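This is what each chain is made of:
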Amino acid sequence: MPLEDGDPVRQRGQRVNGEVSGTPRLGGTGDPPLRGTPARDGSRTEAMAEGREPGPALGDRDVSPGGAPQQAGQHEEALMSELSELVQKVVKSSSWWERHGVDIGILACSFLLLPAGFLCLRSAQAIPFLAGVLTLGVVHHTLTVKGSHLASHNALTESKSWGKVWAIFFIELCSAFTAEQGTYNHVKIHHGYTNVIGLGDSSTWKLPFLNRYVYMFIAPLAVPIITPLVALDLLRNVEWKVALRTLCCMFLGLYCHYWLLLHVSGFQSPWSALLCMLLTRSLLAHPYIHVNIFQHIGLPMFAADRKPKRIHLMSLGVLNLPRNALLDWSFGHSLISCHVEHHLFPSLSDNMCLKIKPIVSQYLKQKKLPYNEDTYASRLRLFLQRYEELMVHAPPITELVGIQ
């Protein structure tokens, strides 16, 4: 079945005119046999890396393509097991600072920058004022994107209890969203069923009634307004105690931002303070939206009952962008240059994803599996050129050809 530009399925996810495409052929038959209980949808993978599971399994309807499905499935699980063992060695040999400290340090530095940002906004001169807007915008996205993402995967701490506290703090207080629903939708659905049609296919990011330029360049400015509204709608699906806690945290986070702008930054009117809130909270909204669609949409999609095993699902349906100092700091490596690594081992921190990146990339390429990479500019051009196909129409289901 045609992929991307209509050409037949290619091997190893190679780039063609800036587009990532292809369904791989498995190479090598000398891989070690599977040990232990087979994992479904990679739950054993994450358990090996961090001792817990990423999400629900699809069950016995997982299929492996080729003439001998059972044998092929065992081979793929053996590949995932072997890669997990390599990663586990790195995790065990890493210090607490490498596993958690680096990313906690980045979040702590962001908190320490908050007073400087609010004080810069007191200035009547353009340069200090813009510096304040930039500082608060970067800090806001670091806390809400990087902090919330790490907290949703419990990647900030070894303790599940503290992980819950951090999830509530970063997702509800800082991001004005609901921790339970945000974690479920991201960890259980998106990671559990990456690029599976109707489940983890990133369709929540599609707004087909908008044209390409409005969606790509104007709509992101509304993210700070849309986010709490969506959260309020999702509160219907949680217990009343959880809903009350979420409402209190959302209100406290938004009001503290507003209060600090009035009493620390010296804004004279409520509307000017609200406008500044919107400006800082939408400063990096464009790359936030872009990254969420660039790294999955346009890659192979699968039906729930006809999908490859985890190592193929993640190597086929996930893409890495190049390193970028601003986005690496604000969003984290696992959302930018180590997204493949993150989807294979979701509970690892950003710094650990960066550390295992050479191992994962070398292993996938050695086994002739896709390791998709593309530039931000290339993906932007692709989505502007093929917006109707990728973002308006339903994506085609990839035929599992070429995987033998």
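In the block above lies the structure referred to throughout.
Residues numbered from 1 in each chain as written. Predicted model: local features only at pLDDT ≥ 70, side-chain atom pairs only at ≥ 80, totals over all residues. Heavy atoms only, no water.

(A) A look at the overall build of the protein. If you tally the helices and strands in the protein, you get 17 helices and 4 strands. Counting over 404 residues, the protein shows a buried share of 55%. Long-range contacts, defined as pairs at least 24 residues apart, comprise 72% of the intrachain contacts of the protein with a sequence gap of at least 6. Roughly 17,800 Å² of accessible area belongs to the protein as shown, and the carbon and sulfur atoms make up 63% of that amount. (Helix = DSSP H or I, 4+ residues; strand = E, 2+ residues; numbered from the N terminus. Buried < 20%, exposed > 50% of the residue type's maximum accessible area, 1.4 Å probe, protein only. Contact = heavy atoms within 4.5 Å. Areas by Shrake-Rupley, 256 points an atom, 1.4 Å probe, with all protein chains shown as cover.)

(B) Here's a closer look at the nonpolar core. Grouped together as the largest cluster of nonpolar side chains are 28 residues, with contacts concentrated most on Leu83, Leu344, Phe345, Val360 and Leu364. Contributing elements (two or more residues each) for this core: helix H2 (69-93), helix H12 (310-317), helix H14 (339-344) and helix H15 (350-366). Residues contacting Leu364, with those up to four places away along its chain left out, are Ile311, Ser315, Val340, Leu344, Leu369, Pro370 and Tyr371. (Core = buried A, V, L, I, M, F, W, Y, C linked by side-chain atoms within 4.5 Å.)

(C) Spatial organisation of helix H10 (residues 270-281). Taking 1.5 Å as the rise per residue, H10 with 12 residues should run 16 Å; its terminal C-alpha atoms sit 16 Å apart, in good agreement. Every buried residue of H10 is accounted for by Ala273, Cys276, Met277, Thr280 and Arg281. Buried residues of H10, viewed axially, fall in a sector of 120 degrees; they line one side. The exposed residues of H10 that point more than 90 degrees off its buried face are Trp271 and Leu275. Contacts from the buried residues of H10 go to helix H4 (126-152), helix H5 (160-174), helix H8 (223-234) and helix H9 (240-263). (Expected span 1.5 Å × (residues − 1). Arc of directions from axis to C-beta.)

(D) Looking closely at helix H11 (residues 285-294). Burial runs high along H11: 7 of the 10 residues are buried. Within the sequence span of H11, burial applies to Ala285, Pro287, Ile289, His290, Val291, Ile293 and Phe294.

(E) Region of interest: the packing of H4 against H5. Closest axis-to-axis distance for the H4/H5 pair is 8 Å, and the angle between their directions is 145 degrees. Crossing of H4 over H5 shows left-handed handedness. Between H4, through His140, Leu143, Thr144, Gly147, Ser148, Ala151 and Ser152, and H5, the contact on the second element is made entirely by Gly163, Trp166, Ala167, Phe170, Ile171 and Cys174. Of the residues contributing to the contact of H4 with H5, the split by class is 7 nonpolar, 6 polar and no charged. (Axes fitted to C-alpha atoms, helices over the stretch in contact; angles between N-to-C directions. Left-handed = near helix turned anticlockwise from the far one by under 90°. Nonpolar A, V, L, I, M, F, W, Y, C, P; charged D, E, K, R; others polar.)

Nothing here speaks to function; it is all geometry.
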